[in-house]
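Listed below are the residues making up each chain.
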Amino acid sequence: MTDISKSETPNGGYAARLPANHPVALFPPYRTSVKRSPQAAPLSFPTTISEETGPVFGHDILGPLDGDLLANFGPQDQTAIGPRIIVHGRVQDQFGRPVAGALIEVWQANAGGRYRHVKEGYIAPLDPNFGGCGRGITGEDGSYEFRTVMPGPYPWPNGPNDWRPAHIHFSIFGAGFAQRLITQMYFEGDPLINLCPIVKTIHDKAAVERLIAPLDMAHTVPMDARAYRFDITLRGRRQTMFENRMEGL
Ligand SMILES: [Fe+2]
């Protein structure tokens, strides 16, 4: 098991990331990147001890349905509308060692592509049985799993006709608030992935591939739910692309 707060390897070495593989900050086809991208060189702020060791909300108060988006919002005898899927995987360090105790939070649109959010304006209907949020903690082997519905693609006001591919947002918390990583998972075979201006900010094809969960028939539950596998690597050359912290942990 890896201590998530440490970045050193057992022998003191470090498998460095490749900065050249980072997505570009300024990418005009992704319109809001024009205003969001920095105009000046970045400044480095070392994190403080309290930031690194501060408690993470949620580690000890998980409910039994927190990882079951099919059932955690609607009445007890009903489930969410849409194709039932299991999303599972493993959180690991740069050497493939499991990372236990990481809090994973997910949020997503419903099967029609609509979020349950006050600012959501898409015409697709809300599902009364679907809230769109879930969470769980990785086990000793770094594994996690949740049940949900396949999210629908949705249009967004960027270019004249841009659609987000089906995706699930992930947040991964380590031992403290300062160790939060955020990314998005996509689904194997979705033709919208390669058309998405947000995905196109990542120019390393292998990094995009690592965000695409393959269909995992071995984990499928017959007559119930398909399964997709999404492994998350916190740092190193095979690091998952994190949108809030390009360098990983
Ligand atoms: Fe989204």
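Above this text is the structure in question.
All values derive from a computational prediction rather than experimental measurement.

K.L.:
I tried to follow the coordination of the iron ion on my own but got confused; where do I start?
P.N.:
In an ideal octahedron of six donors the angles at the metal are 90 or 180 degrees, and in an ideal tetrahedron of four donors they are 109.5 degrees. Around the iron ion, the donor atoms from the protein are Y115 (OH), Y154 (OH), H167 (NE2) and H169 (NE2), and they sit 1.9 to 2.3 Å away. Angles of 90 to 160° at the metal separate the four donor atoms of the iron ion, which places the site in the irregular class. Each donor residue of the iron ion belongs to the same chain, and together they define the spacing Y-x38-Y-x12-H-x1-H.

K.L.:
Got a minute to help me understand the nonpolar core in this structure?
P.N.:
Across soluble globular proteins, nonpolar side chains have a tendency to be buried as a group. In this structure, F170 and I232 are the most contacted members of the largest nonpolar core, which totals 29 residues. Mapped onto this core, the elements with two or more residues apiece are β1 (84–92), β2 (103–107), β4 (143–149), β7 (167–173) and β8 (180–187).

K.L.:
Just to check I follow, could you spell out the sheet that holds strand β3 (residues 133–137) for this structure?
P.N.:
The strands making up a sheet associate through backbone hydrogen bonding, with each pair oriented either parallel or antiparallel. The mixed open sheet is built from five strands, whose spatial order is β3-β2-β7-β8-β9. Of all the strands in the sheet, just β3 and β9 (212–213) have a single pairing partner and so form its edges. Two elements, β8 and β9, share two bridges in a ladder whose sense is parallel. By the bridge assignment, F187 is partnered in β9 with A213.

K.L.:
Please explain the packing of aromatic side chains as it appears in this structure.
P.N.:
For any pair of aromatic rings, geometry is given as the distance between the ring centres together with the angle between the planes. Inspection of every chain in the model, using the stated rule, returns eight aromatic pairs. Taking the centre distance of 6.3 Å and the plane angle of 25° together, the rings of Y144 and F146 count as stacked. We note that Y144, like F146, is buried. Ring geometry for F187 and Y228: centres 5.0 Å apart, planes at 90°, overall edge-to-face.

K.L.:
Looking at this structure, I do not really get the pairing of β7. What am I missing?
P.N.:
Successive residues of a regular strand alternate their side chains across the two faces of the sheet. Taking burial as the measure, the seven residues of β7 include seven buried ones, the bulk of the element. On β7, burial covers both faces: H167, H169, S171 and F173 on one face and I168, F170 and I172 on the other are all buried. Sheet topology places β2 next to β7; five bridges connect them, and they run antiparallel. By the bridge assignment, W107 is partnered in β7 with H169.

K.L.:
Can you help me understand the environment of G63 in this one?
P.N.:
With respect to the helices, strands and loops of the structure, G63 is situated in the loop between α2 (49–53) and β1. Given a relative accessible area of 29%, G63 falls into the partly exposed group. As for G63 and G136, which are separated by 73 residues in sequence, their C-alpha atoms are 9.2 Å apart.

K.L.:
Whenever I open this one, the pattern of salt bridges confuses me. Can you help?
P.N.:
Per the counting criterion, the structure on display carries six salt bridges. Ionic pairing is found between R97 and D93, a salt bridge with its closest N-O pair at 2.6 Å. In this structure R97 comes out as partly exposed when scored by relative accessible area, which is 26%. Given the relative accessible area of 1%, D93 is considered buried. When the shortest N-O distance is used, the salt bridge between K205 and E209 registers 3.9 Å. Residue K205 and its partner E209 are both found in helix α3 (residues 205–209); the two are separated by four residues, about one turn of the helix. The partly exposed category is assigned to E209, whose relative accessible area is 45%.

K.L.:
What's the story with the side chain of H169 in this structure? I'm lost.
P.N.:
Relative to the assigned elements, H169 resides in strand β7. Its relative accessible area of 11% is what places H169 among the buried residues. In terms of polar contacts, H169 uses its side chain to reach the side chain of Y115, at 2.9 Å. Ignoring anything within four residues of it in the chain, the contact list for H169 reads E105, V106, W107, Y115, Y154, T183 and Q184.

Quick notes on the rules
In every chain, residue numbers begin from 1 and rise along the written sequence. The model is predicted, so local features are restricted to residues of pLDDT at least 70 and side-chain atom pairs to those at 80 or more, both for listing and for counting; the totals for chains, interfaces and linings are taken over all residues. Derived side-chain values reflect all non-hydrogen atoms in the structure, with water molecules and hydrogen atoms excluded from consideration. Metal-coordinating donors are taken as N, O and S atoms lying within 2.8 Å of the metal, or within 3.2 Å when the metal is Na, K or Ca; because water is left out, some sites can appear incomplete. Any coordination sphere not matching a tetrahedral pattern (four donors, all angles between 85 and 135 degrees) or a square planar or octahedral pattern (four or six donors, opposite donors over 155 degrees apart, other angles between 65 and 115) is reported as irregular. Here, nonpolar core refers to any group of buried Ala, Val, Leu, Ile, Met, Phe, Trp, Tyr and Cys residues whose side-chain atoms link them within 4.5 Å. A simple rule labels every residue: compare its accessible area, found with a 1.4 Å probe on the protein chains alone, to the largest value its type can have, and call it buried under 20%, exposed over 50%, or partly exposed in between. Per the convention used, a helix needs a DSSP run of H or I reaching at least four residues, while a strand needs a run of E reaching at least two, with both numbered from the N terminus. Strand pairing is assigned whenever DSSP identifies at least 2 bridges connecting the two strands. Side-chain rings of Phe, Tyr and Trp (the six-membered ring for Trp) are treated as a pair once their centres are within 6.5 Å; stacked means planes under 30 degrees apart, edge-to-face means over 60, and tilted covers the remaining angles. Just to be clear on terms, a salt bridge is a Lys or Arg side-chain nitrogen sitting within 4 Å of an Asp or Glu carboxyl oxygen. Here a polar contact means two N or O atoms within 3.5 Å. Within protein one must be a hydrogen donor candidate and the other an acceptor candidate, and residues neighboring in sequence count only if both atoms are side-chain atoms. Every residue pair with non-hydrogen atoms within 4.5 Å of one another is taken to be in contact.

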